[in-house]
Every structure is written in C-alpha cells, then in structure tokens.
Amino acid sequence: MPKREDLNTILIIGSGPIVIGQACEFDYSGSQSLRSLREDGIKTVLINSNPATIMTDPSMADHVYLKPLTTKSIIEILKEHPEIDAVLPTMGGQTALNLCIEADEKGIWEDFDVKLIGVDIAAINITEDREKFRELMLKIGVPMAPQATATSFLKGKEIAQEFGFPLVIRASYTLGGAGAAIVYKQEDFDELLSRGLEISPIHEVMIDKAMMGWKEYELELLRDKNDNVVIICTIENMDPMGIHTGDSITVAPAMTLSDRTFQKMRDMSIHMMRSIGDFEGGCNVQFAVSPDDKEDIIAIEINPRVSRSSALASKATGYPIAKIATKLAIGYSLDELDNQITKSTSALFEPTLDYVIVKIPRWNFDKFEGSDRTLGLQMKAVGEVMGIGRSFQEALHKATQSLEIKRNGLGADGKGYRNYDEIISKLTIPSWDRVFVIYDAIQMGIPLSRIHDITKIDMWFLRQYEELHYLEKEISTYTVDTLSRELMLEAKQKGFADRQIAHMLDCYESEVHEKRVEMNINRVFKLVDTCAAEFKAMTPYYYSTFEAEIETPDGERYVENDSKVTDRKKVVVLGSGPNRIGQGIEFDYCCVHGVLAAAECGYETIMINCNPETVSTDFDTADKLYFEPVFWEHIYDIIKHEKPEGVIVQLGGQTALKLAEKLSKYGIKILGTSFEALDLAEDRGSFSELLVENDIPFPRFGVAESADEALVLADELDFPLLVRPSYVLGGQGMKIVINKEELEEHVVDLLRKIPNNKLLLDHYLDGAIEAEADAICDGEDVYIIGIMEHIEPCGVHSGDSNATLPPFNLGEFVMQQIKDHTKKIALALNTVGLINIQFAIKDDTVYIIEANPRASRTVPFIAKAYKEPYVNYATKVMLGEKKVKDFKFDPQLEGYAIKQPVFSFNKFPNVNKNLGPEMKSTGESILFIDSLKDDAFYNLYARRKMYLSK
C-alpha cells in the first residue's frame, strides 16, 4: 500500500544551532527528508533557527521559519498554517525530540489536530527513561549491565555503595553524553553525581556498573508499518567501552565479530526495536560485547530516531537512511521503494560492503585553553572525517589524511612521539591523538600485548598497525631508484601517501609520484554501490584505491576503473573537509550552492569532500561525488582523470583555499579569483602596500619571524598588540598582548606550534567598533550583499560576535567609507566571486583589519536574511557566465537580523569563557527583530563587554 492519503502538509522540526554532540548530521537528515516529501507531492513547513545550513534554504521547503525552537514558535506556525496534518520530529536530533515531547505534554498537537509520524512518544519515553527501558529489556530477555536509577543524591550514594567502582553515571534526556562520566574512585563521585542530576531535564541519572574494556558496536535499522526490518549497517568502535561513540574511531563493517555473535546481535536489535513501540522509521541500537571467547552481549541503549551515526551509515553504505525513513513515516513499506543507488533493487535489500570505512572524529581542544582533553563518556569532538578503502589499513590512512592536522597519515612524517613515558601516558589516558600514538608505540618496540593491556583495543586492529610498521621499516632500506614495483604497490594499497613514502626513502614527494606513474601504479576509482557490485549501480559515488593488474588470456594487462569520464565540460568544487571551530557547515552550504549553480550553467559537477555529516557528500548533490581526502595527492589524481575546465576553491573555506598554490603551480585553472590575488590578501606586507596605494587606512603593523624581531617591533607599534600567525582560519593562535612578557611568551609558543610561520603584529585599536562587509565582484563591478555591525567591541573574533544586519549605530559618513573601501579593495585584488572585508571603526575613521577574497562564514546568514541566492550568483560570476550587472538584486528584510553565536562550553566546565580574537563558538542561530527597542537586542547590547578578554 503506498503513502497515506491523509497527509498533505507536514511540519519538520530542525536541530537548531550546531553544538558539540549535535552537529550537521541532522541538517543532512532533515534536508534529505524534505526532498523525500517533495517527491511525493507533500507540502513542507520547516522550523529551524540555524542560518548556516542548506536545510534552511528557501528552496528546501515550501515554508521555512527561522525561529527559535520553542513551543511558542510552534504555536505561531500552527496558527499560520492550519493545513498542517502531521509533524515529523525524528530528523532533528535530541533537540527536535525534546521539543516534540514538550509540545505533546502541553497538548499542542492535540489542540491543532496534528498527528505525530515516524515515531511513537511512548517509544521515546521508554528509551529515555532508563529505568523503564531496563525493565523492558529484562522482560524480553535482553541482558544489560547491572544498573539502577537515582532521582536524588542520597539514592545515588546508596547505589554506588552497592555496585562498587568503577561506575558510569548517565543523565536522562540529554544529548552527546552530556552529564555522563566514568567514576573510578569514591572521592570524585559526589561532584559528578550532582552534575548529572543537574544537567538532566528530569533530574534523573542512571548508574551502571562500568563495562570497561568491552567492545562496542552500533547497528542502524529501518522498520516499516508491516514490521519488515532491514539492518543497514553494523559499525564497530575501535575504541572499547568508556569512550562516547561520537569520540570513537569507528569501522564498518564490523571487523572482529564472530558470525555467530553477529547473528545473535542482529536478532537482539530487531527484537528490541519491535518491543519498544509501534513506529515506522530509523533506529540506532548500541551493544557491548565481552572481549573473550564467550562474546557475551549486553544492550547499552536504543534511539528510535535518525541518529548521529545514521549520516555516517548512509555515506558508508550509499543507502540514504533519512530519505527512506521519511518514506516509511508517510506510509510506504520497504518492498514498495527502490534502492536509491541501484534503482533496480528494492529498499528491502540490505546493503553489502566490499570496502571498509573508517570514521575518525575531529577535535578542537586548542580553542579551549585549560580544557580536560581526556576522552570519556561525554562527547567532545566538533566534526568527523570518513575514509573509504579496500582494506582497513587503506581506509585508516585516508581518514588520518583527511583530518587536516598537519599529518600525512600514520607515521612516516617525522611527527610521532619518541618519549616512552609520554607514549604510555597517552595510551593509558585516552587522548585525541591515540590513533597516531599506537603507531609510535609499535615503532618504539612496545609489544602489542602491552598496548592491548593498556588500551583494550582488539588485537586484530593492533596487528593491522604492526603490518604497516613492518612495511615502513622494509621500504626505508631502499632508495627511490631501488624500490621494487611490488613494494611500491603494497604501500599504496595500504594507504601510504606519496609524501610518507618519500619520507621513508628520503626523497621528494614529486619523485615518488613520478616513480609510481612510471611503474604504472595509478589510482583507480570504485563505485559505492550498496550491493558489492552484484547489481549495476546508477549513481556515480566513488572512492579511490590501487589494484594489481588483471591479465587476460591474450596477454592484455589492465586495471579496472569504475569512473568513466564523459566529454561534457566539467567543474570541480573542493569541499571544506571536517567541521571544526572556524570552519563549519556554512562552507558546506556554499559548496552545495556552487554545485547547483554550475549545473544550471550546463557543467558536469564534481564534488570532492570527506565529511560524512553533510549535504555536499550526498550521492545525488553533484553529478559525481569523490568521497576522498581534501589532500593534494588525491585531488591531483582526480583532476588528471577528469580533466575539468577548472576548480572552484573559494567556497570550501581555508581547506580548499590552501590548495590554490599547488593547483596554480601545476597549471590547473582556478575558477574565479586567481591564486595571486588570494595570496596577496594573505600576505600582509603586499596587502598593506595595496591599501597605501588606494589611500585606505589600516592599523600600524609589522611582520616578525622570531621573538627578538617581535620585541623590537613592539617599541614601534605600541601596546596593546594583536599577535597572529598568517594563513589560519577562525583566529587560530590570535591573542591580544599588553606587555613585553606576554608578547615574548605568546610568540615563542606560536612558533613552537607552527614553525616557520610569519607572525603579524598589529596595533590593537582599543574600544573600536567592528563591522564587516560581504560583496560579489566580477573584476569590473562590485555589489555589496551585506554590511554587518558587531555588537561586541573590536577584539572579539567576528565568529563569536553578535552581528546585526543592517548596522544599527554607524552614521552615513562611516557607512560611505565602508562602501568605498569595499569596492576599492575588491577591484584592486581582481576579485572574481565573493569577498569579505573586516573593519575597525574609531573616531569616525574606518580601518581595514583584513580582506578574504572567498566565501565567508557570514554569506549564508546574509542570504537567508535578505532572501537572495548570493552564492548562486557569485558562482555564475566565477564561471564567467554572468556579470554583476546581469542580476536583479532585490534584498528583503524588514527590521534587523542578528547572527547569534552558540557555544559548547558546557562540554568543558573548567574552561575560561572569555572571548577574544580566537574563535570559540561551534554554531549560530538567527534572530529577526522589528526594531532596536526589542528586549532581545537590548539584552545583547547590555552584555556586549561581559566576556571580553585580552
């Protein structure tokens, strides 16, 4: 039976601003869901307060409400749209579910006759109420760890006395493990128990006996109204129990499970899903397995919604979970739907993987000075990367190359730890770089059995590492001239980058590249096809690998490549890699719009990115998706294979921009602003000369390459000084210093972290107002898309400031200077595409802080506020298809829009919350106000200096 006839208009609740524990996986789910409903002719109404995501683009839903996620907003929308028949709350993470439950308790859905689809409130309550969940599991015969619920401090103390330590405390109704902790000793218990009770919205915690060292698994399931269930993906955590899955390195398919236990786990998960309630849609189940031959299984939890892992599982298998879950919620059954990749098999057909995926989280501890960097039950990662390879080793290497933390993969880059005590300490206390430290430990000669005893990581994974170490050792005995084809091929098949092989052979990367091309060892591309090539797949979604040659009976030798090159004109868009503070989902929004605009101009579009959480890596966003590291070697091989007209670098943040120099050097055309112009804006010396020529004021500054030079400069420039490294994003390493001691300490620290970097010292304009402008330029005309004034004073990073559009406090004289400076700079830099310029205003003079000729963090915010597709226009300008004067600009905004930063300080309770020139916010929301008399504006303005630090 196809879809329900009683559903014509559906409300979708989004997940709001990005915070640690709830990132853009839910924007990806929600975007897929909206598209899925459209296909069936259902009208959609969306509420979400996040301006940075593609999900809140006007093209995504029939009605988009950028409103705060509150029941007050829900009531306003339901009054405005009496035609809404149902609400789908499972696509917006815990935020959407909690809001849905609150609206249910207040009787709002009943008052407006709105049905809940895709989930059963009773099912949510059972899974979130840990006591009820435990009782149900025991009733259906699913084992769980000894645990008990505490709703008071006293009860918690009694449970701890009964169980003994170590214990796990988990707060009910929270996301990303908020309030969860492992307690090893009595003296830490009281504080952690109080914190858990306080964080839980219903002041309840579950106390479990800690199953430390047990192996952890996740299963992603889908169920339809006829009770058909498919298991889409089984994910194994390389890290054992005790580390939140969002902070764990995860692998699919599961690597170390016996088939008997795997079948038992499948049966258990289906039994659990069927027992918690009557609903159609996605479900995520987590298990722990004892690390012995018995392989005892215990259930950890079940989430009856699209989860953080379902974006990963969708990208890992090519099976779009959110899209299918939405179809099930509106009444389809699995056997009525097509597999979206093959188009010929049914959605009831479970995916089969003939490759391995490895997900590694991306952390940003450098932004939270003094933070506890230990990984535990509370999630701390801000993003993630995924590597796809033919083996675990290749996928692991590709994932480590995707992280953008100045590593070239595992080992072979001279950056490993060599101190025995430091290595043992990093293995003992789970840290963000443990994935690399395991390799260092093996290189040092620490036995695998000892590494296993400390980390409890399964020996299978450790042996995979050991094999890589032996291979590196063997290759290091050769030179680039004596290395055999066989060893070169093995190194490439196991994921070693040309750079790493060059390190082993003590030669240049380019020599290794030339040598392997000469040996005919070339990257080939394979389809992600959901069915291990048993059926023909229609969707071009690729990963790269290296294969041995096949020889036919008549002696022809070849390597099979699934990626067929067409004769259409092509454009490559470089993605922004993993989310991190300073470079988040806004750039994904820009990349998706860039792809769509290029397609409108008749180009075949090719996307390269490695972030599994986002819409840009959806299998049907671009004509071709290469799920690969945004890492030179991979990009160069794809470009050589596809031969595009050019590459767009200005939409993927600093990640894509950093590759512009290499592209230019290798003669690959950069579409839009040239590398020379991009470099000129980054090079403060040349940029200042450009400002002098154009008679534009800027704060006095100098460039230093050592602490001595910085101290000499300080006498010329006067304190306070703003110190920053060049070529960084999100204000990384920026600090305001007020005396020579602080200056010396910060410069020494920066040069240790980023060797050979040029440091910029600017005289800091104390008490100045900060503003910024975004514009589109075609080399002849400039159109300013928006000017924003920051509520916080100059000195707080623009990403951490509340920014108002249009400005609220700048006179005509100042506004004219901003407009004039913006136009002059855009033209002087030969900008073709987007540019963002930041200003400091003091005594009615507008000074230039910096100019970035690329898409900025604020472009999606301006586009949403003015209801204009600015990235679409800018891309058409970059491609040379249109000029600025060809567009009819018609911005529409009554009153003001405020971009409000959102912080995740609750994950780092001991961190200094002061704001300064280094960015700390993880996301943003948008607030519309009619006038400056609005209380919300008044409150923001009154607090503007509260957290200012120097």
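Each remark here, short or long, concerns the structure printed above.
Here is a short report on the structure shown in this document.

Secondary structure summary: the protein chain contains 31 helices and 35 strands in total. Radius of gyration (C-alpha) of the protein chain: 28 Å, near the 30 Å computed for a compact globule of 950 residues. In the protein chain, the share of contacts with a sequence separation of at least 24, taken over all contacts with a separation of at least 6, comes to 70%. On the protein chain, roughly 34,400 Å² of surface is accessible, and the fraction owed to carbon and sulfur atoms is 48%. Looking at charge distribution, the protein chain has the averaged site of its 103 positive side-chain charges lying 0 Å from that of its 148 negative ones.

Let's shift gears to the pattern of salt bridges. Per the counting criterion, the structure on display carries 52 salt bridges. We note a salt bridge from R390 to D354, for which the minimum N-O separation is 3.8 Å. Taken together, the residues R390 in the loop between β16 (383–389) and α12 (392–402) and D354 in the loop between α11 (321–329) and β15 (356–362) connect sequence positions 36 residues apart. Given a relative accessible area of 29%, D354 falls into the partly exposed group.

Turning next to unusual backbone geometry. In the segment running from F719 into P720, the intervening peptide bond is cis, with an omega of -5°. Within the fold, P720 resides in the loop between α26 (707–717) and β26 (721–725). Going from L805 to P806, the amide bond is cis rather than trans, its omega being -10°. Within the secondary structure, P806 sits in the loop between β31 (803–805) and α28 (812–828). Positioned with a positive phi, D227 is a non-glycine residue whose angle comes to about 70°. Mapped onto the secondary structure, D227 falls in the loop between β10 (215–223) and β11 (229–237). On the basis of relative accessibility, which here comes to 33%, the residue D227 falls in the partly exposed class.

This part covers the sheet that holds strand β4 (residues 86–88). Backbone-to-backbone hydrogen bonds join strands into a sheet, with any given pair of strands oriented parallel or antiparallel. A sheet is described by the order of its strands in space; here 5 strands give the open sequence β3-β2-β1-β4-β5, paired in parallel fashion. Looking at the sheet topology across the chains shown, the edges are occupied by β3 (63–65) and β5 (115–116). Two elements, strand β2 (residues 43–47) and β3, share 3 bridges in a ladder whose sense is parallel. Its bridge partner lying in β3, V45 is registered against H63.

Before going further, it helps to examine empty space enclosed by the protein. Summed over all chains, the structure comprises 10 cavities of 30 Å³ or more. If you add up the space inside the second largest cavity, you get close to 520 Å³. In terms of lining, the second largest cavity is formed by 36 residues, of which the most central are R130, G177, H244, Q286 and E301. Those elements giving two or more residues to the lining of the second largest cavity turn out to be α3 (93–105), α5 (121–128), β7 (167–171), β10, β13 (281–289), β14 (297–303) and α10 (308–317). Among the elements that make up the lining of the second largest cavity, the one with the highest residue count is β14 (4 residues).

Turning next to the side chain of Q500. Relative to the helices and strands, Q500 is located in helix α18 (residues 498–505). At 3.1 Å, the side chain of Q500 and the backbone oxygen of G411 are in polar contact. The residues touching Q500, leaving out its near neighbours within four places in the chain, are H397, Q401, N408, G409, L410, G411, A412 and G495.

Roughly 1,000 Å³ of internal volume is contained in the second largest pocket. Taken together, 38 residues make up the lining of the second largest pocket; nearest its centre are I182, Y184, D372, T374 and G376. Looking at the lining of the second largest pocket element by element, the count peaks at 5 residues for helix α8 (residues 186–199). In terms of residue class, the lining of the second largest pocket is built from 18 nonpolar, 10 polar and 10 charged.

Moving on to the nonpolar core. Residues I10, L574 and V649 are the most contacted members of the largest nonpolar core, which totals 169 residues. Setting aside chain neighbours within four positions, we find L574 in contact with C591, M607, I608, I635, V647, I648, V649, G652, A656, L659 and L663.

On to the pairing of strand β29 (residues 769–777). Across the 9 residues of β29, 8 count as buried, placing the element largely inside the fold. As judged from the 8 bridges shared by β29 and strand β30 (residues 782–793), these two strands associate in the antiparallel manner. The residue bridging E772 from the neighbouring strand is M788, located in β30. Of the pairings in the sheet, the one linking β29 to strand β32 (residues 833–842) comprises 9 bridges and is antiparallel in character. What sits directly across from A771, in β32, is F839.

Applying the stated rule across the entire model yields 21 aromatic pairs. Here the aromatic rings of Y873 and F889 are separated by 5.5 Å at their centres, their planes lie at 80°, and the arrangement is edge-to-face. Of this pair, Y873 sits in helix α30 (residues 870–878) while F889 sits in the loop between α30 and β34 (896–902), placing them 16 residues apart in sequence. Accessibility classification places Y873 together with F889 in one group, the buried group. Seen from their ring centres, F887 and F889 are 6.0 Å apart, and the 55° between their planes marks the pair as tilted. Pairwise contacts between aromatic rings join Y783, Y870, Y873, F887 and F889 into one cluster.

Position of S172 among the secondary structure elements: in the loop between β7 and β8 (181–183). Classification of S172 as buried rests on a relative accessible area of 1%. In terms of polar contacts, S172 uses its side chain to reach the side chain of E204, at 2.6 Å. Residues contacting S172, with those up to four places away along its chain left out, are E128, R130, S200, P201, I202 and E204.

As for its placement among the helices and strands, A288 is situated in strand β13. Distance from A288 to N237, taken between C-alpha atoms, is 10.0 Å for residues 51 residues apart in sequence. Leave out the neighbours within four places in its chain, and A288 touches W214, K215, M241, D296, I297, I298 and I300.

Bringing the packing of helix α20 (residues 585–600) against helix α29 (residues 859–866) into the picture now. Where α20 contacts α29, the two axes come as close as 9 Å, and the packing angle between them is 65°. Judged on the interaxial angle alone, α29 and α20 are roughly perpendicular. Facing E586, Y589 and C590 of α20, the residues of α29 in contact are P860, A863 and K864. Here the residues of the contact of α20 with α29 are counted per class, giving 4 nonpolar, no polar and 2 charged.

What follows deals with the sheet that holds β8. The 4 strands lie next to each other as β6-β9-β7-β8, forming an open sheet whose pairing is antiparallel. The open sheet has two free edges, formed respectively by β6 (147–150) and β8, since each of these has just one partner strand. Averaged over all neighbouring strand pairs, the angle between strand axes comes to 25°, with direction disregarded. Relative to strand β9 (residues 205–209), β7 is paired through 5 bridges, and the arrangement is antiparallel. Within β9, the residue paired with R170 across the bridge is M206. Most of the contacts of helix α6 (residues 130–140) go to β6, to which it runs at about 150°, and overall it touches β6, β7 and β9. The strands that helix α7 (residues 153–163) touches are β6, β7 and β9; relative to β6, the one it contacts most, it runs at about 165°.

Along helix α13 (residues 420–428), the residues classified as buried are I423, I424, K426 and L427. Looking straight down α13, one finds that the buried residues subtend no more than 165° of arc, so they occupy a single side. Sitting at the head of α13, N419 places a side-chain oxygen 2.9 Å from the backbone nitrogen of D421.

Criteria and thresholds
- All residue numbers refer to positions counted from 1 along the written sequence of the respective chain.
- Restriction of local features to residues with pLDDT of at least 70 applies here, the model being predicted, together with a cutoff of 80 or more for giving and counting side-chain atom pairs; totals for whole chains, interfaces and linings are based on all residues.
- Computation of side-chain values covers all heavy atoms of the structure but excludes hydrogens and water.
- Put simply, DSSP H or I for four residues or longer makes a helix, DSSP E for two residues or longer makes a strand, and each gets a number counted from the N terminus.
- For the radius of gyration, the atom set is restricted to C-alpha positions; the globular benchmark scales as 2.2 Å times the number of residues to the power 0.38.
- Note on definitions: a residue-residue contact is assigned when non-hydrogen atoms from the two residues lie within 4.5 Å.
- Here the open area of atoms and residues is found with the Shrake-Rupley method and a 1.4 Å probe, where only the protein chains shown may cover a residue.
- When charges are counted, neither His nor the chain ends are considered; positive counts come from Lys and Arg and negative counts from Asp and Glu.
- Lysine's charge is taken at NZ, arginine's at CZ, aspartate's at CG and glutamate's at CD.
- When a carboxyl oxygen of Asp or Glu lies within 4 Å of a side-chain nitrogen of Lys or Arg, that pair is called a salt bridge.
- The cut-offs for exposure are 20% and 50% of the maximum accessible area for each residue type, with area from a 1.4 Å probe on protein chains only; residues under the lower value are buried, those over the upper are exposed, and the others partly exposed.
- By the convention used here, strands pair only if DSSP detects at least 2 bridges between them.
- Within this scheme a cavity is a closed region of a 1 Å grid, computed over the protein atoms alone, that accommodates a 1.4 Å probe without allowing it to escape, whereas a pocket is open but has protein on both sides within 12 Å along at least five of seven lines; lining residues each have an atom within 4 Å of a point.
- Grid points are joined across faces, edges and corners, and a volume is the space filled by probe spheres set on the points.
- Pairs of N or O atoms within 3.5 Å make up the polar contacts considered here, provided that, within protein, one atom can donate a hydrogen while the other can accept it, and that residues adjacent in sequence are counted only when both atoms are side-chain atoms.
- By the convention adopted, Pro, Cys, Tyr, Trp, Phe, Met, Ile, Leu, Val and Ala count as nonpolar, Lys, Arg, Asp and Glu as charged, and the other residues, Gly among them, as polar.
- Only buried Ala, Val, Leu, Ile, Met, Phe, Trp, Tyr and Cys residues count toward a nonpolar core, and they belong to the same one when joined by side-chain atoms within 4.5 Å.
- Aromatic pairs are defined between Phe, Tyr and Trp rings, using the six-membered ring for Trp, whenever the two ring centres lie within 6.5 Å; interplanar angles under 30 degrees are classed as stacked, those over 60 as edge-to-face, and all others as tilted.
- Here an axis means a line fitted to C-alpha atoms, over the contact stretch when the element is a helix, while the angle between two N-to-C directions is reported on a 0 to 180 degree scale.
- Roughly parallel refers to an angle under 35 degrees, roughly antiparallel to one over 145, roughly perpendicular to one between 65 and 115, and oblique to any angle outside these ranges.
- By construction, the arc corresponds to the directions joining the helix axis to the C-beta atoms.

As far as function goes, none of this settles anything; it's purely spatial.
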